[in-house]
Amino acid sequence: MAKDKKNKDKGFVAEFKKFIMRGNVMDMAVGVIVGGAFTAIVTSLNKDILTPLLALFGGIDFSYLQLVMGEGEEAPVLLYGNFITAVLNFLITAFMIFLLIKGINALGDLFSKKEEEAPAAPTTKECPYCKSAIAIAATRCPNCTSHLEEE
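If you're wondering where the values come from, they're calculated on a predicted model, not measured in any experiment.

Conventions we followed
- Counting restarts for each chain, with residues numbered from 1 along the sequence as it is written.
- Reporting in this predicted model follows two pLDDT cut-offs: at least 70 for local features of residues, and 80 or more for side-chain atom pairs to be given and counted; totals over whole chains, interfaces and linings ignore these cut-offs and use all residues.
- Hydrogens and water molecules were not included; the side-chain quantities draw on all heavy atoms of the structure.
- Numbering goes from the N terminus for both helices and strands, where a helix is a DSSP run of H or I of at least four residues and a strand is a run of E of at least two.
- Exposure is judged per residue with a 1.4 Å probe applied to protein chains only, and the accessible area is read against the type maximum: over 50% gives exposed, under 20% gives buried, and values in between give partly exposed.
- Contacts are residue-level and defined by heavy atoms, with any inter-residue pair within 4.5 Å sufficient.
- Residue exposure ignores everything except the shown protein chains as possible cover, and the areas themselves are Shrake-Rupley values with a 1.4 Å probe.
- Residues enter a patch when their relative accessible area is above 30% and they make no salt bridge; the linking distance is 9 Å between like charges and 5 Å between nonpolar side chains (Val, Leu, Ile, Met, Phe, Trp, Tyr).
- Within this document, salt bridges are pairs made up of a side-chain nitrogen of Lys or Arg and a carboxyl oxygen of Asp or Glu, the two lying within 4 Å of each other.
- The definition of a polar contact used here is a pair of N or O atoms within 3.5 Å, where within protein one atom must be able to donate a hydrogen and the other to accept one, and adjacent residues in sequence count solely through side-chain atom pairs.
- Working rule for helices: expected span equals 1.5 Å times residues minus one.

### Points about the overall build of the protein
No. 1: Tallying secondary structure elements over the protein gives three helices and four strands in all.
No. 2: Tracing the protein from N to C terminus, the helices and strands come up as α-α-β-β-α-β-β.
No. 3: Looking at the protein as a whole, 12% of its 151 residues qualify as buried.
No. 4: Of the contacts formed within the protein by residues at least 6 apart in sequence, a portion of 16% connects residues at least 24 apart.
No. 5: Element-wise, carbon and sulfur atoms account for 66% of the exposed surface of the protein, whose accessible area totals about 13000 Å².

In structure tokens form, the structure reads like this:
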């Protein structure tokens, strides 16, 4: 019984190893890592460049907006400015990813222009007498036995 459990454990470990080593799992892991780095870049863009520019034109910096609920030092504080900043980060990230994917697709279309294939020459024609499909080189219809004129 212990031997069966040991084989079962090896099977489970081998199955897990096979799952982890599949290409799509590794691709997903790389995507998560690159996505995290990309998010840090977009967050910095928003926090360090766009927010000060918006503050310059609009006179407001979202990150400092808050609502104190109550009095005293222990009063809860809603930092809705941070939420607005997070929403802006999301929108900017989504827009940047949209532009990136759009650019990649445009490059892919540019480099993979496939020549349109000419339509294949027809291999059949219609018998003018019985309207059935026959071989294009036929001189007599196999269905109605009519003699066909050469075109």
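### Observations concerning a nonpolar patch on the surface
No. 1: Judged by side-chain polarity, Leu-67, Met-69, Leu-78, Tyr-80, Phe-83, Val-87, Phe-90 and Leu-91 come together as a nonpolar surface patch covering roughly 800 Å² of accessible area.
No. 2: Sort the elements by how many residues they give to the nonpolar patch and helix H3 (residues 80-111) lands first, with five residues.
No. 3: By the secondary structure assignment, Tyr-80 is in helix H3.

### Side note on the side chain of Ser-146
No. 1: You can see Ser-146 is positioned in the segment after strand E4 (133-135).
No. 2: Among residues more than four places away in sequence, those in contact with Ser-146 are Tyr-129, Thr-139, Arg-140 and Cys-141.

### Here's the deal with the side chain of Ser-132
No. 1: Inspection of the secondary structure puts Ser-132 in the loop between strand E3 (124-126) and E4.
No. 2: Of note is the side chain of Ser-132, whose polar atom sits 2.5 Å from the side chain of Asn-143.
No. 3: With residues up to four places along the chain from it excluded, the contact list for Ser-132 reads Lys-125, Glu-126, Cys-127, Cys-141 and Asn-143.

### Observations concerning the environment of Leu-78
No. 1: Looking at the secondary structure, you find Leu-78 in strand E2 (residues 77-78).
No. 2: For the pair Leu-78 and Gln-66, spaced twelve residues apart in sequence, the C-alpha separation works out to 5.5 Å.
No. 3: Not counting residues up to four positions away in its chain, the partners in contact with Leu-78 are Leu-65, Gln-66, Leu-67 and Met-69.

### With respect to the environment of Ile-41
No. 1: As for its position among the elements, Ile-41 is in helix H2 (residues 23-58).
No. 2: Judged by relative accessible area, which is 55%, Ile-41 ranks as exposed.
No. 3: It is 9.2 Å that separates the C-alpha atoms of Ile-41 and Thr-93, two residues lying 52 residues apart in sequence.

### Quick notes on H3
No. 1: Here H3 contains 32 residues, and its C-alpha end-to-end distance of 46 Å stays within 8% of the 46 Å for a straight helix at 1.5 Å per residue.
No. 2: What H3 keeps buried is the set Gly-81, Thr-85, Asn-89, Ile-92 and Thr-93.

### Digging into unusual backbone geometry
No. 1: Positive phi, close to 65°, is recorded for Lys-131, a residue that is not glycine.
No. 2: Looking at the element boundaries, Lys-131 is found in the loop between E3 and E4.
No. 3: Lys-131 sits in the exposed class, given a relative accessible area of 52%.
No. 4: Even without being glycine, Thr-145 reaches a positive phi, approximately 60°.
No. 5: Structurally, the position occupied by Thr-145 is in the segment after E4.

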